[in-house]
Each structure stands twice: as structure tokens, then as C-alpha cells.
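# Summary of structural features
Okay, here's what each chain looks like letter by letter:
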Amino acid sequence: MSEPSGRPEAATRPSLRRTNPPELSPPTGFSHAVTATGGRLVFLAGQTALDGAGAVVGATLPDQFRRALANLLTALAAVGGTPADLARLTVHTTDVAAYRASAPELGRIWRELAGRDYPAMAVIGVVRLWDEAAMVELDGIAVLP
């Protein structure tokens with residue numbers, strides 16, 4: 001039922017809970033994870049190879065991919081999710097050719113950290129990322145039971 005304004009009653013409106021795990025770099029202008037109640041759809045913010053102090057770590061694309069994926073999975077775990085809950089992952093990279101050349105190693109890193117469940121994925125080439133030293137950024141959507 002709607003209120004006279006045409007908006008749903010407060011009880012039927014979804015609410016969002018933002019979670020920012022202390023293990024990740026403090027967010028500025030974003031949340032590391034957002035959970036929608038009324039469902040368990042989780043939108044995971046883009047994660048690069050930032051350490052807890054906010055510095056990009058890793059000299060190679062695979063090194064940075066490992067850290068970015070670990071950061072994404074940390075945000076997901078903070079809201080009760082597992083790698084198997086990832087429904088969608090977008091990879092943004094500053095060097096698609098290097099990403100393709102590293103694909104076997106990136107696959108091994110994925111299996112080591114996330115297992116054999118693969119979400120729907122896209123790899124997008126970009127000119128640069130927010131942090132100039134970052135070579136890869138991962139964002140995702142998870143559906144929790």
C-alpha cells in the first residue's frame with residue numbers, strides 16, 4: 001500500500017547498511033560494502049591493491065590483482081559473504097594486453113583465494129584508475145542467502 005504521496009510505506013522500503021572493515025583503507029566518498037535489507041544484495045566498491053594505510057602495493061599486475069581480490073573478499077566477508085556469493089565482478093585494468101598475458105596466473109590466484117566458483121565477469125580497459133600506481137581495480141555484486 002502506498003501513502004498519499006505515492007511512496008511506499010516505510011515498512012516496505014529497503015534500507016542499506018554500509019560496512020567498512022577496519023582491515024581496509026579508510027573509505028573516502030564510498031563504502032567498501034553496502035547491504036540491502038529485504039534481500040541480501042551486496043554491492044562491493046572498487047578495490048585496488050591498497051594496503052591498510054592506503055598505499056598501493058605490488059609491482060606487477062598479478063601482485064596487484066591478488067591484493068585487490070583479497071580486499072574485495074575482505075569487504076564481502078565483513079557482511080557475511082563468501083566468494084561463492086559473488087554474482088558479478090568487473091575488472092578495470094590500465095593494460096588489457098598485460099591482463100590477457102597474465103590470465104593463467106590470475107586464474108591461479110582466483111582459485112587460491114576464491115575457489116572454483118566464478119561470477120559473471122567483465123574486463124574493462126581504462127586510461128587510469130583513481131590511484132595512479134594502480135593497474136587493476138575489482139568491483140562486484142554478491143547475493144547472500
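Residues numbered from 1 in each chain as written. Predicted model: local features only at pLDDT ≥ 70, side-chain atom pairs only at ≥ 80, totals over all residues. Heavy atoms only, no water.

### What to know about the packing of helix α1 (residues 61-78) against helix α3 (residues 103-114)
As a packed pair, α1 and α3 sit with axes 10 Å apart at the nearest point and diverge in direction by 25 degrees. Classed by the angle they form, the pair α1 and α3 counts as roughly parallel. Along this stretch, α1 crosses α3, giving a crossing that reads as right-handed. The residues of α3 that touch α1, namely those facing Leu61, Pro62, Phe65, Arg66, Leu69, Ala70 and Leu73, are Glu105, Leu106, Ile109, Trp110, Glu112, Leu113 and Ala114. Split into classes, the residues belonging to the contact of α1 with α3 amount to 11 nonpolar, no polar and 3 charged. (Axes fitted to C-alpha atoms, helices over the stretch in contact; angles between N-to-C directions. Helix = DSSP H or I, 4+ residues; strand = E, 2+ residues; numbered from the N terminus. Parallel < 35°, antiparallel > 145°, perpendicular 65-115°, else oblique. Left-handed = near helix turned anticlockwise from the far one by under 90°. Contact = heavy atoms within 4.5 Å. Nonpolar A, V, L, I, M, F, W, Y, C, P; charged D, E, K, R; others polar.)

### Things to note about α1
A rise of 1.5 Å per residue sets the reference length of α1, with its 18 residues, at 26 Å; its end C-alpha atoms lie 26 Å apart and thus fit the reference within 8%. Within α1, burial applies to Leu61, Pro62, Gln64, Phe65, Ala68, Leu69, Asn71, Leu72, Leu73, Ala75 and Leu76. The first or second residue beyond α1 is Gly80, which carries a positive phi of 90 degrees. (Expected span 1.5 Å × (residues − 1). Buried < 20%, exposed > 50% of the residue type's maximum accessible area, 1.4 Å probe, protein only.)

### Thoughts on the pairing of strand β4 (residues 86-93)
Buried residues dominate β4, accounting for 6 of its 8 residues. In this structure, β4 lies alongside strand β6 (residues 136-143), joined through 7 bridges in antiparallel fashion. Opposite Leu86, over in β6, you have Ala142 as the bridge partner. With 6 bridges connecting them, β4 and strand β5 (residues 120-125) associate as parallel partners. Counterpart to Thr90 in the pairing with β5 is Ala122. (Pairing = 2+ DSSP bridges.)

### Structural notes on the pattern of salt bridges
Counting across every chain of the model gives 2 salt bridges. The salt bridge partner of Arg128 is Glu132, with a shortest N-O separation of 3.6 Å. (Salt bridge = Lys/Arg side-chain N within 4 Å of Asp/Glu carboxyl O.)

### With respect to the nonpolar core
Grouped together as the largest cluster of nonpolar side chains are 25 residues, with contacts concentrated most on Leu44, Phe65, Leu76, Leu86 and Leu138. The set of elements that each furnish at least two residues to this core consists of β3 (41-47), α1, β4, α3 and β6. (Core = buried A, V, L, I, M, F, W, Y, C linked by side-chain atoms within 4.5 Å.)

### What to know about α3
Along its 12 residues, α3 runs 15 Å from first to last C-alpha, staying within 8% of the 16 Å computed at 1.5 Å per residue. Turning to α3, its buried residues are Leu106, Gly107, Ile109, Trp110 and Ala114. Buried positions in α3, seen along its axis, are confined to an arc of 160 degrees and lie on one side of it. Along its buried surface, α3 packs onto α1, β4 and α2 (96-101). In the stretch just after α3, Gly115 is the one whose phi turns positive, near 85 degrees. (Arc of directions from axis to C-beta.)

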